[in-house]
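# Results of the structural survey
Here is what each chain is made of, one letter per residue.
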Amino acid sequence: MSQASQTVFTLNPAQYVKAVDQLRKGFIAQFTKVIKADFKAEQNKLFKTATSNTVEGKADQIINNVDRFYDPTIVYERMYVAVYPVLAEREFDKLLPSKNMGRGFERKGSAEQVAEWERAALQFVADDLGSMITAVEAFSHDVVVRHTRAIAEKAVKQGWGTGKFASALRADLDTLDLMRSIRIARTEILTAASVGTHAGAVSTGLKLSKTWLTVPGNGGDRHGEDIAYSGLNNQTVGRDELFTLTAGITAQTPHDISLPGSERINCVCSHLYTPI
Ligand SMILES: [Zn+2]
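Residues numbered from 1 in each chain as written. Predicted model: local features only at pLDDT ≥ 70, side-chain atom pairs only at ≥ 80, totals over all residues.

Take the overall build of the chain next. Looking only at helices and strands, the chain has nine helices and five strands in total. Along the chain direction, N to C, the helices and strands of the chain fall in the order α-α-α-α-α-α-α-β-α-β-β-β-α-β. Sequence-distant contacts in the chain: of pairs separated by 6 or more residues, those separated by 24 or more amount to 74%. (Helix = DSSP H or I, 4+ residues; strand = E, 2+ residues; numbered from the N terminus. Contact = placed C-beta atoms within 7 Å.)

Okay, the sheet that holds strand E1 (residues 208-213) next. One open sheet holds the three strands; their spatial order is E2-E1-E5, and the pairing between them is antiparallel. Pairing within the sheet leaves two strands with one partner each, and these edge strands are strand E2 (236-238) and strand E5 (270-275). Sheet twist, expressed as the average angle between the axes of neighbouring strands with direction ignored, equals 30 degrees. Pairing analysis gives three bridges linking E1 to E2, with the strands arranged antiparallel. By the bridge assignment, Thr 211 is partnered in E2 with Thr 236. (Pairing = 2+ DSSP bridges. Axes fitted to C-alpha atoms, helices over the stretch in contact; angles between N-to-C directions.)

Counted at 1.5 Å a residue, the expected span for helix H6 (residues 141-158) with its 18 residues is 26 Å, and the 26 Å between its end C-alpha atoms agrees. Taken together, the buried positions of H6 are Val 144, Thr 148, Ile 151, Ala 152 and Ala 155. Down the axis of H6, the buried side of the element spans an arc of 110 degrees, and every buried residue falls inside it. Away from its buried face, by an angle of more than 90 degrees, H6 presents the exposed residues Asp 142, Arg 146 and Lys 157. In this structure, the buried side of H6 is in contact with helix H3 (55-65) and helix H7 (162-203). (Expected span 1.5 Å × (residues − 1). Buried ≥ 20, exposed ≤ 12 C-beta atoms within 10 Å, placed from the backbone. Arc of directions from axis to C-beta.)

Time to look at the environment of Gly 196. Positionally, Gly 196 belongs in helix H7. On a C-alpha basis, the gap between Gly 196 and Glu 118 in space is 9.7 Å, while along the polypeptide they are 78 residues apart.

This brings us to unusual backbone geometry. Not every positive phi belongs to a glycine, and His 255 is a case in point at roughly 65 degrees. Turning to its location among the elements, His 255 is positioned in the loop between strand E4 (249-251) and helix H9 (261-264). Taking the number of C-beta atoms within 10 Å as the measure of exposure, His 255 has 25 and is therefore buried. Phi at Asn 266 is positive, roughly 65 degrees, even though this residue is not glycine. Tracing the backbone through its elements, the reader meets Asn 266 in the loop between H9 and E5. The exposure class of Asn 266 is partly exposed, given the 16 C-beta atoms found within 10 Å.

Now the structure itself:
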């Protein structure tokens with residue numbers, strides 16, 4: 001164990017942030033597409049069951065069915081099972097390098113270890129699905145209902161037929177769904193990456209400290225720019241201790257599910273473990 005820790009990779013924090021960010025960006029691009037396709041399938045089912053030949057009737061059918069066709073659990077599970085074990089293995093391998101381990105998206109760790117991380121990822125979704133959905137509720141089905149009502153009202157005023165109403169609503173929902181897909185993929189991939197990284201560090205059994213890394217000036221991440229978080233960048237605590245973001249707000253890792261949505265959404269911070 002002590003020999004292994006002498007061969008720990010010495011990535012500087014800037015390189016580390018860049019490497020983690022690249023990996024996370026790849027997953028975000030992949031899952032934005034997956035979620036968008038799920039929303040499109042949901043939309044198709046919604047319109048297929050809205051058979052009324054009046055605009056108001058069609059709008060009511062869509063509104064009544066909006067919660068029926070889509071179960072977000074599956075996509076959340078897919079995201080966490082894809083991302084969590086990869087980041088866990090990457091952190092594990094960084095701290096205890098081995099020729100057998102994977103790089104990037106590969107998973108070459110022992111089957112038992114990978115299976116354990118996959119189970120932990122599923123358990124995480126099972127425990128925290130409610131918080132995940134709450135964090136992105138501005139993009140929930142309630143918003144679809146509001147958009148449907150607004151466009152139906154416009155359609156009635158303008159005297160549109162059901163065909164014109166349906167195409168206007170579909171175009172509007174496509175834009176909305178793209179934003180929802182990006183928001184959900186970003187928030188949850190980054191969370192899965194942070195909790196997976198922590199799980200990988202814990203799996204080494206090593207005595208570790210961890211350091212929070214903000215990304216100053218990057219895409220408006222509040223933690224890098226706001227004076228209220230000035231003590232956060234490079235803050236170092238024990239492996240299982242909590243970081244202090246600002247007065248009264250603490251977290252195990254960036255994107256911690258216990259944080260308010262505002263501290264999770266649009267946060268691109270990362271964190272780094274170091275043997276002590
Ligand atoms: Zn941040």
